[in-house]
Amino acid sequence: MNTRMRRGGFLRTRLDNGLRILLAPDRRWSRVAVAVHYGVGFRAEPPGREGFAHLFEHLMFEGSESVPRGTFRTHVHEVGGIVNGTTHQDYTDYYQVVPEPLLERVLFHEADRMRAPAFTPEGLSAQLEEVAEEIERATRGRAYGGLPWPLLPGVMYSRHANAHDGYGDADALRSVTVDDCAAFFHDHYTPGNAVLTVTGAFDPGRALAAIHRHFGDIPPRERVPVPDTAEPPPVADRWARHTEPRIPATAVAFGLPLPDPSADLPGYVAHMVLARLVEDAHRAPDGTSELGAACGFFAPLDALAPDAMVLSGVLPADTSPEARLDRLRALLDTWGTGAVPGVPDTVRALVDEYREHHGSLVEHGRALGRTEILFGRAETVGEIPDLLDRTDRSAVARAARDAARAPVAALVIAPGPERTRPAPAPASRTAPTGPGARVLARTPRGPRTPPPPGPADEVAVPEHAQVRTATGTRVVTVHDDRTGTAQVRARIPLGAVGWSRPGAVDALVAAVSDRIREEAARRSLRGGLTVSTDGQWLMVSGAVDPARITAWVDVLALAVLPDGLRFRGPVPPVPRTSERTLDDLQRLLWLGGADDTATAPGPEDIARGMLSQPGAVLTLVGDLDPGPVAERARTALERWPGGGAVPVPVDPGTRLERLPVPGARDVWVGLSAPEPVAGPTEAERYLATAVFGGYHASRLARRTEGLYAAVVGRDVLLDRPRVYVRARVRTELADRVAEDLREQARLAVTEPPGGTEVEAARVYCVSQMLSALDSPTTLAHVLVSVLSAGRDADWLWRIPAELRAVTVPGVARATRALFREDAFGGVLLGAVSPQVIAGGIGKG
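Note that the coordinates shown come from a computational prediction; the quantities given were computed from them, not determined experimentally.

What counts, and at which threshold
- Residues numbered from 1 in each chain as written.
- Predicted model: local features only at pLDDT ≥ 70, side-chain atom pairs only at ≥ 80, totals over all residues.
- Heavy atoms only, no water.
- Pairing = 2+ DSSP bridges.
- Helix = DSSP H or I, 4+ residues; strand = E, 2+ residues; numbered from the N terminus.
- Axes fitted to C-alpha atoms, helices over the stretch in contact; angles between N-to-C directions.
- Buried < 20%, exposed > 50% of the residue type's maximum accessible area, 1.4 Å probe, protein only.
- Polar contact = N/O pair within 3.5 Å; in protein donor to acceptor, adjacent residues only side chain to side chain.
- Phe/Tyr/Trp six-rings, centres within 6.5 Å; stacked < 30°, edge-to-face > 60°.
- Lys NZ or Arg CZ within 6 Å of the ring centre and 35° of its normal.
- Arc of directions from axis to C-beta.
- Contact = heavy atoms within 4.5 Å.
- Parallel < 35°, antiparallel > 145°, perpendicular 65-115°, else oblique.
- Nonpolar A, V, L, I, M, F, W, Y, C, P; charged D, E, K, R; others polar.

A. Just the sheet that holds strand 7 (residues 194-200), in detail. Pairing in this open sheet of 6 strands is mixed, and the strands run 2-3-7-4-6-5 from one edge to the other. Single-partner strands in this sheet number two, and they are strand 2 (11-14) and strand 5 (82-87). Strand-to-strand twist of the sheet, defined as the mean angle between neighbouring strand axes without regard to direction, takes the value 15°. Pairing analysis gives 6 bridges linking strand 5 to strand 6 (residues 92-98), with the strands arranged antiparallel. Within the sheet, the bridge partner assigned to Asn 84 lies in strand 6 and is Tyr 95.

The following block contains the structure:
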């Protein structure tokens, strides 16, 4: 079925127990998202219980009457879905994303923990340790920890509900008991204090029936009111100063009051525009901003009043916190007179970003539930783009005047000999009220049986077109109107010259970026494209105006032509990820080394050689007409010469090279082998990779559990397909990765994959393929990956059926072919001694 997907609305209803329901069916997505928002967050924590709401969120995954401990996430992980929870000032949300047949199972799990969660000493102890680690990572474990959150609220506000540290102190939290947890649940996690949202690909009639079946008999309860959060108006600036060793400079965060969105939503939206303008006014030529600015501590419209515009950044050496604030106020004063530059462009950028963000299935569902639980109006999600569009210069000027006159909360963290922070509040104990944990976890009916998987309607294939230029570039265009933007993704192979000179590619990236910006500005195009490289491809990505999509394709077509590029001279090296470094080194190993001679080619030579290498691909996903746009793109890209390259001579070998990195404490391991040209089918290879090490329940994952996490996959290296294994391990485990890979390769022969493990991998892979339609951004990324691997666009819609047809013997054959014991070589990078080992992985 090839259909053009249209926008839908949502249905609102309420159960007799008070639970509010939002149903937003939309077949433009291929999975279904379920979110439950409870109207309680860390503002409900009493003194001495700081951090309890966040701890409680963790505990809600520990199981319930019908869901044993440790199994709550299992049904989601088995199908490659999403499951998580987050805690905020005024709400806590729990969300899951799964294929449609598992919708009722998700509803069953959410209902069971809303009815009878199981709080046990073992579960509480485990989550206390997990929360303690999270607090450590977010505060003490990073530079400027606590800036701006959770420290700035303590400077800005007076009432405990608003001012206290929402993370809390791990040691103080250890006084919590399971009966405390039961009391918190009884007081706040009531059906009448919750919103259940279902979004995506589902039948609303079946979903509503299942909701009544599983949630309808949960007894109603009165919620305990949250504390008063009304703040007395501040009369002067408030400052707090702390120190920290081993930081390079002083950082500052400012908090300014925001309008109450419940009373003045247009005013709040004007502050969203103001925040972006402030950030842009402090932006450096390289695109970074010295002063980040945003509405809300976590996101816009993420809390009830009082809320804050938060501005933060690291100060230059010659700028004091007071001087930064004076300059900020001077800027706001100027804008308050009406002299606000760039409002229309900023509004358009914010609208595009907002629509793109909410084009994601999970974020759309979470936003509906969040605005309903906070403001009683899920419609707000759809109204924000129009409110942004109506925000003019005068509205932003009013916001600037208000901000300039408002007292500021300022948090400063400066270099110093010791780390200073506010002392944690002491723990307090009050006798818990309500039923205890044992009573809460049991209902008269007793444990219930989870429902079996349900039916699923056919996944709608979006309208699309694919063409190929005379010189070999492939183009895929897809109609997708979930956002107001068009997603652009292009990959151009760097070619033999670029692959042999990874250090010279950054200059090419800079030159192409400059050319795109110049051409886009000359044509007054809305949106933007970013140029990057992973060492294999020159990659172009971004969100642009779909009405000008052909103009953007023209810009892309011109931007990479060698004759029009202007190189800046020496370009500062771009920081590389460990994965990028491993692959750069692997390419050089296969090529026999880098070309470091005095006459080695430069970025100009890379640009000329790049377009002669076959394999360039372009995907365009958005509110566009696929056929005509594809043809127009084909015409524009005929400018690229392409097609003249001969196969790159390589010697994959089986060397294992050890490259030390001074100061490294861990080892990054990268192992690769070329795929066999003939033999197993693509579907057999896909499943074999999953069974061997490509997902959480694979053979390699089970073997290495608790030691290290390995990533196994397939992609293209140089001009040929390869299989790879990557891992980050402690130094003493570096050789263990090669040993484990060798052992699994032997087992592929002596103990070939059986029916149970193949079926589990099949379910996971088929279900995960549906995630390609979770958002236009994801779809564009998946499609360009599919094309750059040499497949056609229809492979994405065809592969699920092919995976279902694969036999167990076929997977066994593919496993033996892909993961031969003597085929892999690679690199150990980090805390190792230099050494090259020949003759197979880890041998010598």
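Having seen it, we continue.
B. View of the side chain of His 75. Residue placement: His 75 occurs in helix 2 (residues 74-77). On the basis of relative accessibility, which here comes to 5%, the residue His 75 falls in the buried class. Polar contacts involving the side chain of His 75 include one to the main-chain carbonyl oxygen of Phe 72, which spans 3.1 Å.

C. Inspection of the packing of aromatic side chains at higher detail. Within the structure shown, the criterion is met by 21 aromatic pairs. Between Phe 52 and Phe 56, the ring centres sit 6.3 Å apart and the planes meet at 45°, which makes this aromatic pair tilted. On the criterion of helical spacing, the pair formed by Phe 52 and Phe 56 is a turn pair, its members being 4 residues apart in helix 1 (residues 52-59). In this structure an aromatic cluster arises from ring pairing among Tyr 38, Phe 52, Phe 56, Phe 61, Phe 72, Tyr 94, Phe 119, Phe 184, Phe 185 and Tyr 189. Taking NZ or CZ as reference, Arg 28 lies 5.7 Å from the ring centre of Trp 29, over its face.

D. Expanded view of helix 21 (residues 603-610). The complete set of buried residues in helix 21 reads Pro 603, Ile 606, Ala 607 and Met 610. All buried residues of helix 21 fall inside an arc of 100° around its axis, so they share one side. Close packing links the buried residues of helix 21 with strand 16 (486-493), helix 17 (495-500), helix 18 (505-522) and strand 18 (537-544).

E. Broad picture of unusual backbone geometry. Going from Leu 147 to Pro 148, the amide bond is cis rather than trans, its omega being 0°. Looking at where Pro 148 falls in the secondary structure, it is placed in the loop between helix 4 (121-140) and helix 5 (152-156). Here the residue pair Trp 149 and Pro 150 is connected by a cis peptide bond, since its omega of 10° sits within 30 degrees of zero. Considering the arrangement of structural elements, one finds Pro 150 in the loop between helix 4 and helix 5. Non-glycine residue Tyr 144 carries a positive phi angle of around 60°. Looking at the secondary structure, you find Tyr 144 in the loop between helix 4 and helix 5. Judged by its relative accessible area of 11%, Tyr 144 is buried. Phi is positive for Leu 301, close to 55°, though the residue is something other than glycine. Checked against the element boundaries, Leu 301 lands in the loop between strand 10 (292-295) and strand 11 (308-314). Given the relative accessible area of 7%, Leu 301 is considered buried.

F. Inspection of the packing of helix 1 against helix 8 (residues 178-188) at higher detail. Where helix 1 contacts helix 8, the axes come no closer than 11 Å and their chain directions differ by 95°. With respect to helix 8, the axis of helix 1 lies roughly perpendicular. Between helix 1, through Phe 52, Ala 53, Phe 56 and Leu 59, and helix 8, the contact on the second element is made entirely by Asp 180, Cys 181, Phe 184 and Phe 185. Across the contact of helix 1 with helix 8, the residue classes break down as 7 nonpolar, no polar and 1 charged.

G. Region of the structure containing the sheet that holds strand 14 (residues 464-468). Strand order in the open sheet formed by 6 strands is 14-15-19-16-18-17, and the pairing between neighbours is mixed. Pairing within the sheet leaves two strands with one partner each, and these edge strands are strand 14 and strand 17 (527-533). For this sheet, the mean inter-axis angle between neighbouring strands, taken without regard to orientation, is 10°. Looking at chain direction, strand 16 and strand 19 (residues 617-622) are connected through 5 bridges and run antiparallel. Directly across from Arg 491, in strand 19, lies its bridge partner Val 617. Across the face of the sheet, helix 18 comes into contact with strand 17 and strand 18 while running at roughly 170° to strand 17.

H. Region of interest: the pairing of strand 12 (residues 409-415). The buried fraction of strand 12 amounts to 6 of the 7 residues, a majority that puts the element mostly inside the structure. Both strand 8 (residues 238-244) and strand 12 contribute to a ladder of 7 bridges, which runs parallel. Bridge assignment links Ala 240 to a residue of strand 12, and that residue is Leu 411.

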